[in-house]
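Per-entry structural report
What follows is each chain in one-letter form.
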Amino acid sequence: MNTPPPPIRIGALAPLSKPGWVEAGRHLLAGLELAAGEVGLIDGRPLELLVRDTAADPAQAAAAVDDLAGLGVAAFVGEYHSVVARSAAARADALALPFLCSSAVLDALTEQPTDWVARIAPAQSRGWRVYADFLLKAGHTRIAVATQPTVYWASGTRILREHLAARGGTLIELDMSTLDAAAVCDALADHRATALLLLVGIPEPAVPIVQAVRADPRLADVLIGAPAGQPEFAEWQSLLGSDGTAIPFLRYLPEHLTPLGTRVEAALRERLGAAPSFVAFEGYDTIAVLAEALRFHGTGRSAGPSLSAGTGPDTGPGPNPGIAEAWPHISVEGTRGRIQFSRVPGISVWQWAWPPIQVADRDPAAPDRFRVLFSG
C-alpha cells in the first residue's frame, strides 16, 4: 500500500485575538483557506496551512515564525498589521525562508533589501498619496490628523504631510497620547481644519472621536476620514451606526473584479456570512501566487544555496531558494487583476506594483452599501 506524500506546509500569520484587528484577521484567513482548498495538488501534494495568531504583537509573530520554521514550512503567508509583518519579515529573512505578505503596507517592511520577502498589498506611500490627492481634489487644504505614537501612524503622517505640503496643503498633528475627544474638537475649531483623519486604533480612541465630532455643531462641515480602512468592516458600523457613514477610507479593489474574483467573492461571502473585504481577496491572491511559485519553482526545502546572508537556528531541511527566485518571474491572474512582482525604488521587498486602489465610504442612505469616491 502506497503511503500518500506529505502535505506542503505553509505558515499562515493573522491577528485572530485582541488587541489585533480580529475582523481583518478573520477575513484574511478566510481568503487564505479558501484558496488553499482550491489550488489542488502540487507535485502530487496538498497544501496544509499551519495557522498562528499574532494578536498584533511583533514578538509573538517572530516567535511564531521560529515555531513554524521548526515544523518544516516551505514558506510564510499572511499578516495584516504592518509593524507585526515587519517583525515576521525580518525573522523569515534571517532564516532564509520565503514570506509572501498579504496585507501590511508599511514601505520599510524590511530594513535592508531582501529576495526572500514579497508583498501583495500596495506600499503605504502609494495608497496614502492617492488618499491625499482625493482630499485635495475635494478642496481640503487644512487637514488635521488624530494620531497615536506607532511606526505605522508616524509613517502615514509623514507621507501625508510631505504630499500635501508640496501642493499647498497644511497638516495639523493632534497627539492622542495627550488629548481626549473633546480636546480634538476644540483643536479642529481653533485650527479651522476642514478634514480630520483618524490615524488611531478601533474602538478606542476612534469611536469616541467620531461621536464627539459628529455631535459638535462647530464641526458640521468637517470631513472625517480613515485612510487605514477601519470603516470597511462590520464592527465599525455596529459600533457607530449612522455616525460611521460618509467616512472615506482606502481599500484595494478594482472597479470590476476579474472572472475569478467574481466567483471567489460568492464563495467568500458564503464562508464569512457577510460581504468579503479587500483583505479577504488579498488572502486568496496570496495563496494563488504562492501555488504558482511552488508548481514551477519547487515544493520542498532543500540544502541549496541561500539568497540571503542571514542565518538562523538549525531547522532541519534547508531553505528552498526556488520560491524566492520565482518572484520576478510570476504572472498570475488574481481576483483583482494580473499579479506580477518588481523592484520598486524605496521598497525593500518584491512588490506587486500596483494593486488597484480606491477611496470609498459607507453610503448614509444605505450603510451596508459602499460608494467609490476616487480611484488611483
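The structure this text deals with has already been given above.
Bear in mind the structure is a predicted one, so any value in this text is a computation, not a measurement.

What counts as what
Residues numbered from 1 in each chain as written. Predicted model: local features only at pLDDT ≥ 70, side-chain atom pairs only at ≥ 80, totals over all residues. Heavy atoms only, no water. Core = buried A, V, L, I, M, F, W, Y, C linked by side-chain atoms within 4.5 Å. Buried < 20%, exposed > 50% of the residue type's maximum accessible area, 1.4 Å probe, protein only. Contact = heavy atoms within 4.5 Å. Helix = DSSP H or I, 4+ residues; strand = E, 2+ residues; numbered from the N terminus. Pairing = 2+ DSSP bridges. Polar contact = N/O pair within 3.5 Å; in protein donor to acceptor, adjacent residues only side chain to side chain. Expected span 1.5 Å × (residues − 1).

Okay, the nonpolar core next. Soluble, globular proteins show a tendency: their nonpolar side chains are buried together. Of all hydrophobic cores here, the largest spans 131 residues; its most connected members are I10, L196 and F341. If near-sequence neighbours (up to four positions away) are discounted, I10 is found in contact with L47, E48, L49, L50, V73, A74, A75, V77, L290 and L294.

With respect to the helices and strands, T157 occurs in helix α5 (residues 151–165). Overall, the relative accessible area of 2% leaves T157 in the buried class. In this structure T157 touches V145, T147, L171, E173 and L199, once residues within four positions along its chain are discounted.

Moving on, we get to the pairing of strand β15 (residues 358–363). Look at any regular strand and the pattern is simple: side chains alternate between the two faces of the sheet. Among the six residues of β15, six are classified as buried, and the element is accordingly described as predominantly covered. Where strand β10 (residues 249–251) and β15 come together, three bridges link them in antiparallel fashion. What sits directly across from R251, in β15, is Q358. In this sheet, strand β16 (residues 366–375) lies alongside β15 in antiparallel orientation, the contact comprising six bridges. When the sheet's bridge partners are listed, A360 is paired in β16 with V372. In this structure, the hairpin formed by β15 and β16 is closed by a connection of two residues.

Summarising the element assignment, S87 is placed in helix α3 (residues 82–95). Only 2.8 Å separates the side chain of S87 from the backbone oxygen of P58, close enough to count as a polar contact. In contact with S87, other than residues within four places in its own chain, are P58 and A62.

Turning to helix α4 (residues 124–137), a few remarks are in order. Here α4 contains 14 residues, and its C-alpha end-to-end distance of 20 Å stays within 8% of the 20 Å for a straight helix at 1.5 Å per residue. Every buried residue belonging to α4 is among Q124, S125, G127, W128, V130, Y131, A132, F134 and L135, and all of these are buried. The first or second residue beyond α4 is G139, which carries a positive phi of 95°.

What follows covers the environment of V372. Tracing the sequence through the fold places V372 in strand β16. Put simply, V372 and E255 are 117 residues apart on the chain and 8.6 Å apart in space, counted from C-alpha to C-alpha. Leave out the neighbours within four places in its chain, and V372 touches R251, Q358, V359 and A360.

Below, the discussion takes up unusual backbone geometry. Residue E204 is joined to P205 through a cis peptide bond whose omega torsion reads 0°. Of the consecutive residues A353 and W354, the connecting peptide bond is found in the cis state with omega at 0°. The residue W354 is located in the loop between β14 (350–352) and β15 in this model. A positive phi angle, near 55°, is found at D43, a position not held by glycine. Structurally, D43 is set in the loop between α1 (22–38) and β2 (47–53). Its relative accessible area of 65% is what places D43 among the exposed residues. A positive phi is found at A96, a non-glycine position, where the angle reads about 55°.

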